[in-house]
Amino acid sequence: MHTLQNKVALITGSARGLGKAIAERYAALGANIVINYSKDKVAAEEVVSTIAAMGVKVIAVQADVSKVADLERLFEEAKKAFGKIDIVVANAGIELVETPVTEFTEEQFDRVFSINTKGSYFTLQQAARHVEDHGRIIYIASSTTSFPVPGMAVYGGSKTTPRYLVDILSKEIGHRGVTVNSIIPFAVDHAGIFAEADSYPALRKQLLDSCPMGRLAEVEDVANVAEFFASDLSSFVNGQHLLVNGGATN
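Residues numbered from 1 in each chain as written. Predicted model: local features only at pLDDT ≥ 70, side-chain atom pairs only at ≥ 80, totals over all residues. Heavy atoms only, no water.

Quick reminder of the rule: UniProt positions are given in the numbering used here, feature names are shortened, and annotations may be inferred rather than shown by experiment.
Looking up the chain in an unreviewed UniProt entry gives the name SDR family oxidoreductase, with the organism given as Xanthocytophaga flava. Check the Sequence similarities (unreviewed entry) section of the UniProt entry for the chain; it says "Belongs to the short-chain dehydrogenases/reductases (SDR) family."

The structure is reproduced here in structure tokens:
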């Protein structure tokens, strides 16, 4: 097993879903954890209790990633609590699917881009400013950035810009030994829009039909790759985008 002993990991949007799974995985490997949430304090406190029981230190910080002032405060509180930040996972985001290009509203566009694009951009910016030398920065992208899916124009578009930022940032701070990579998950079962088993049945079938392995991703599949990117095994892997999609081609 890899170790993250004495490391400090900050994961945005980690009160549930992928963020929660990654936070718990890092804690199991010995890292101290900064949980970030926007609104659901109860869920965040539950994650804190679970992680604290693993014997590591953990705090929860409320911050809306679409607000730069909140992000600055999030990183300041993390460093105040732990003195440093070694790993940052830019995970916070919202999904908007099954909406044709002709039907998106300005309000929907602004909301999705403010969180997924602006929020991720400035999370990565703060990470670049604050992460320790030889640290790790990881962006959670989406397979819609590799395989366009009808009905996901705004969602996929909002996840594309930060993916490009990974390419640039990996070159700008690589001299510090910091790696910057993205994980590109397939649709994740039991999380996000598929948190409920009967949600989006037509889209679920379409995605299942496109995957040779005949299933959606699980949070553990993504956490496995997040573990790799945070560990010493990936110390010379930089500016990469790893698909976690079971071989799906559409």
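**Structural notes on the nonpolar core**
Convention followed: The term nonpolar core refers to a set of buried residues drawn from Ala, Val, Leu, Ile, Met, Phe, Trp, Tyr and Cys, joined through side-chain atoms within 4.5 Å. Partly exposed describes any residue whose relative accessible area lies between the buried limit of under 20% and the exposed limit of over 50%, with all areas from a 1.4 Å probe on protein chains only and scaled to the type maximum. The numbering of helices and of strands both runs from the N terminus, where a helix is a DSSP run of H or I of at least 4 residues and a strand a run of E of at least 2. By definition, residues are in contact when any of their heavy atoms lie within 4.5 Å.
Counting residues in each nonpolar core, the largest one holds 51 residues, and the members touching the most others are Tyr 26, Ile 33, Ile 35, Ile 51 and Ile 183. Elements with a minimum of two residues in this core: strand S1 (8–11), helix H1 (17–28), strand S2 (32–37), helix H2 (41–52), strand S4 (87–90), strand S5 (136–140), helix H6 (201–210) and helix H7 (219–230). Element by element, the count of residues in this core is highest for H7, at seven residues. Not counting residues within four places of it along the chain, the set of residues in contact with Ile 33 comprises Ala 9, Ile 11, Ala 23, Tyr 26, Ala 27, Ile 51, Lys 57, Val 58, Ile 59 and Phe 82.

**Describing the pairing of strand S6 (residues 179–185)**
We count it as follows: If DSSP finds at least two bridges between two strands, the strands pair. Clockwise travel from the first strand over the helix to the second, with the strands pointing away from the viewer, marks a crossover as right-handed.
Taking burial as the measure, the seven residues of S6 include seven buried ones, the bulk of the element. The two faces of S6 match: Thr 179, Asn 181, Ile 183 and Pro 185 on one face and Val 180, Ser 182 and Ile 184 on the other face are all buried. For S5 and S6, the ladder comprises five bridges, and the chain directions are parallel. Its bridge partner lying in S6, Ile 140 is registered against Ile 183. For the crossover from S5 across helix H5 (residues 153–172) to S6, the handedness is right-handed. Sheet analysis places S6 next to strand S7 (residues 241–244), joined by four bridges and oriented parallel. Bridging from a neighbouring strand, Ile 184 pairs with Leu 243 of S7.

**Points about the layout of surface pockets**
Put simply, the rule reads: Each cavity reported here is a set of points on a 1 Å grid over the protein atoms alone in which a 1.4 Å probe fits but cannot get out, each pocket an open set with protein on both sides within 12 Å along at least five of seven lines, and each lining residue one with an atom within 4 Å of a point. Grid points are joined across faces, edges and corners, and a volume is the space filled by probe spheres set on the points. Each residue gets one label: Ala, Val, Leu, Ile, Met, Phe, Trp, Tyr, Cys and Pro are nonpolar, Asp, Glu, Lys and Arg are charged, and the others, such as Gly, are polar.
Space inside the largest pocket adds up to approximately 1,100 Å³. For the largest pocket, the lining is made up of 44 residues, of which Asn 91, Ala 92, Gly 93, Ile 94 and Glu 95 are closest to its centre. Listing elements by their share of the lining of the largest pocket, those giving two or more residues are H1, S2, helix H4 (106–130) and H5. No other element matches the three residues that H1 contributes to the lining of the largest pocket. Across the lining of the largest pocket, the residue classes break down as 24 nonpolar, 13 polar and seven charged.

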